[in-house]
Amino acid sequence: MNPDARIVADLIARCALRDRAAFRTLYDRTSAKLFGVVLRILKDRAEAEEAIQEIYIKIWQRADRYIAGQTSPISWLVAVARNHALDIVRVRRPVSEDIDIALDIPDAGPSPEGHAQARQESARIEHCLATLEPDRADAVRGAYLDGFSYEELAQRHAVPINTMRTWLRRSLIRLRECLSL
């Protein structure tokens, strides 16, 4: 156990004996870390500040439960803080009256028919892209699927920027013709 951990373990042991000075020192040494843990979970500063006070009350009341050597003292403190913060999060969640209410919530995803149509459309586009020269098809994918700029594509394919613009314009015309068949 490192020296800091020994000090914290000793402070917890002294808190178990109701040593208020040890408790004050424990708070000063560990409150910043525990506050960070609680704030990360609760995502609300005011709520975390209130929670940290409740956590230290729990630590004071449960200090006799810490067994030195079984876990690191800071891990034990973090576990107390984390569990308290998670309890607060659980209380926040509205309890569902009835699971059957969820049956009335429409699915925002595509229907099986819509999914099948999207697959067919995707297959048509891939078929038409395959009719282009490989470097032109790659440029179209790069521009319209991956979001590359004309400059980036021109560098990638080692062509002047105006050539890239021409490739893309002509490729789109051929794709439109292919898709309209």
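Throughout, residues of each chain are indexed from 1 in the direction in which the sequence is written. Per-residue local features of the predicted model are confined to residues with pLDDT of at least 70, and side-chain atom pairs are confined, for both listing and counting, to 80 or more; whole-chain, interface and lining totals are unaffected and use all residues. Processing note: side-chain calculations cover all non-hydrogen atoms of the structure and skip hydrogens and water entirely.

S.K.: I'd like a description of helix 7 (residues 150-157), backed by residues and values.
M.R.: Burial status follows relative accessibility: with a 1.4 Å probe on protein chains alone, a residue under 20% of its type maximum counts as buried, one over 50% as exposed, and anything between as partly exposed. What counts as a helix is a DSSP run of H or I of at least four residues, what counts as a strand is a run of E of at least two, and both are numbered from the N terminus. Considered for burial, the residues of helix 7 that qualify are Leu-153, Ala-154 and His-157. One side of helix 7 holds all its buried residues, which, seen down the axis, span an arc of 100 degrees. In what follows, a contact means two residues having at least one pair of non-hydrogen atoms within 4.5 Å. Contact partners of the buried residues in helix 7: helix 6 (134-144) and helix 8 (161-180). Taken from the residues just after helix 7, Ala-158 is the one with a positive phi, measuring 55 degrees. Each direction from the helix axis to a C-beta atom contributes to the arc, which is the arc of those directions.

S.K.: Before we move on, could you go through a nonpolar patch on the surface and cite the residues and values that matter?
M.R.: For patches, a residue must show more than 30% relative accessible area and have no salt bridge; joins then use 9 Å for like charges and 5 Å for nonpolar side chains, namely Val, Leu, Ile, Met, Phe, Trp and Tyr. In this description, accessible areas are obtained by the Shrake-Rupley approach with a 1.4 Å probe, and a residue is regarded as covered only by the protein chains that are shown. Only one rule defines a salt bridge in this text: a Lys or Arg side-chain nitrogen within 4 Å of an Asp or Glu carboxyl oxygen. A cluster of nonpolar residues, Tyr-144, Tyr-150 and Leu-172, forms a patch on the protein surface that exposes about 280 Å² of accessible area. Tracing the backbone through its elements, the reader meets Tyr-144 in helix 6.

S.K.: Please set out the side chain of His-157 residue by residue, giving values where relevant.
M.R.: With respect to the secondary-structure elements, His-157 resides in helix 7. Given the relative accessible area of 18%, His-157 is considered buried.

S.K.: Please give an account of the environment of Ser-111 that cites residues and values.
M.R.: Structurally, Ser-111 can be placed in the loop between helix 4 (73-92) and helix 5 (112-130). Taking the C-alpha atoms as reference points, Ser-111 and Glu-151, separated by 40 residues in sequence, lie 39 Å from one another.

S.K.: How would you sum up the packing of aromatic side chains? Please name residues and give values.
M.R.: Working definition: a ring pair exists when centres of Phe, Tyr or Trp rings (six-membered ring for Trp) sit within 6.5 Å. Plane angles under 30 degrees give stacked, over 60 give edge-to-face, the rest tilted. Under the counting rule described, the total for this entry stands at four aromatic pairs. Ring centres of Phe-23 and Trp-60 lie 5.1 Å apart, and the angle between their planes is 70 degrees; this geometry places the pair in the edge-to-face category. Taken together, the residues Phe-23 in helix 2 (residues 20-42) and Trp-60 in helix 3 (residues 45-62) connect sequence positions 37 residues apart. On the basis of an interplanar angle of 55 degrees and a centroid distance of 5.6 Å, the ring pair of Tyr-66 and Trp-76 is categorised as tilted. Pair noted here: Tyr-66 is in the loop between helix 3 and helix 4 and Trp-76 is in helix 4, with a separation of 10 residues, a long-range link. Take Tyr-66: its relative accessible area is 9%, and that puts it in the buried class. One aromatic cluster is present, formed by Phe-23, Tyr-27, Tyr-56 and Trp-60 through successive ring pairs.

S.K.: Tell me about the packing of helix 1 (residues 3-16) against helix 2, and name the residues and values.
M.R.: Between two packed helices, what matters for the description is the angle formed by their axes and the separation of those axes. In this analysis an axis means a line fitted to C-alpha atoms, helices contributing only their contacting stretch, and an angle means the value between N-to-C directions, from 0 to 180 degrees. The N-to-C vectors of helix 1 and helix 2 enclose an angle of 140 degrees; their axes lie 8 Å apart at closest approach. The orientation of helix 1 with respect to helix 2, classified from their angle, is oblique. Remark: the crossing between helix 1 and helix 2 carries left-handed chirality. When helix 1 is examined against helix 2, the residues Asp-4, Ile-7, Val-8, Leu-11, Ile-12, Arg-14 and Cys-15 are found in contact with a partner set consisting of Ala-22, Phe-23, Thr-25, Leu-26, Arg-29 and Thr-30. Charged means Asp, Glu, Lys or Arg here, nonpolar means Ala, Val, Leu, Ile, Met, Phe, Trp, Tyr, Cys or Pro, and polar covers whatever is left, Gly included. Per-class residue counts for the contact of helix 1 with helix 2 are eight nonpolar, two polar and three charged. To sort the angles, those under 35 degrees are grouped as roughly parallel, those over 145 as roughly antiparallel, those from 65 to 115 as roughly perpendicular, and the leftovers as oblique. In this scheme, a crossing is called left-handed if the near helix is turned counterclockwise away from the far one by less than a right angle; it is called right-handed if the turn is clockwise.

S.K.: Summarise the nonpolar core; cite the residues concerned and give the values.
M.R.: For our purposes a nonpolar core is just a set of buried Ala, Val, Leu, Ile, Met, Phe, Trp, Tyr and Cys residues, chained together by side-chain atoms within 4.5 Å. Counting residues in each nonpolar core, the largest one holds 27 residues, and the members touching the most others are Ile-12, Leu-26, Val-38, Leu-42, Ile-59 and Leu-77. Looking at this core, the elements with two or more residues in it are helix 1, helix 2, helix 3 and helix 4.

S.K.: Describe the packing of helix 6 against helix 8, naming the residues involved and giving the relevant values.
M.R.: At a minimum axis separation of 9 Å, helix 6 and helix 8 run at an interaxial angle of 95 degrees. By the angle class used here, helix 6 and helix 8 are roughly perpendicular. Along its contact with helix 6, which presents Asp-135, Arg-136, Ala-139, Val-140, Ala-143 and Tyr-144, the element helix 8 presents Met-164, Trp-167, Leu-168, Ser-171, Leu-172 and Leu-175. When grouped by side-chain class, the residues that make up the contact of helix 6 with helix 8 number nine nonpolar, one polar and two charged.

S.K.: Account for unusual backbone geometry, with residues named and values stated.
M.R.: One non-glycine residue with positive phi stands out, namely Arg-18, at about 70 degrees. By the element assignment, Arg-18 lies in the loop between helix 1 and helix 2. Phi is positive for Ala-158, close to 55 degrees, though the residue is something other than glycine. Its location among the elements puts Ala-158 in the loop between helix 7 and helix 8. Among the residues examined, Ala-158 registers a relative accessible area of 69% and is labelled exposed.

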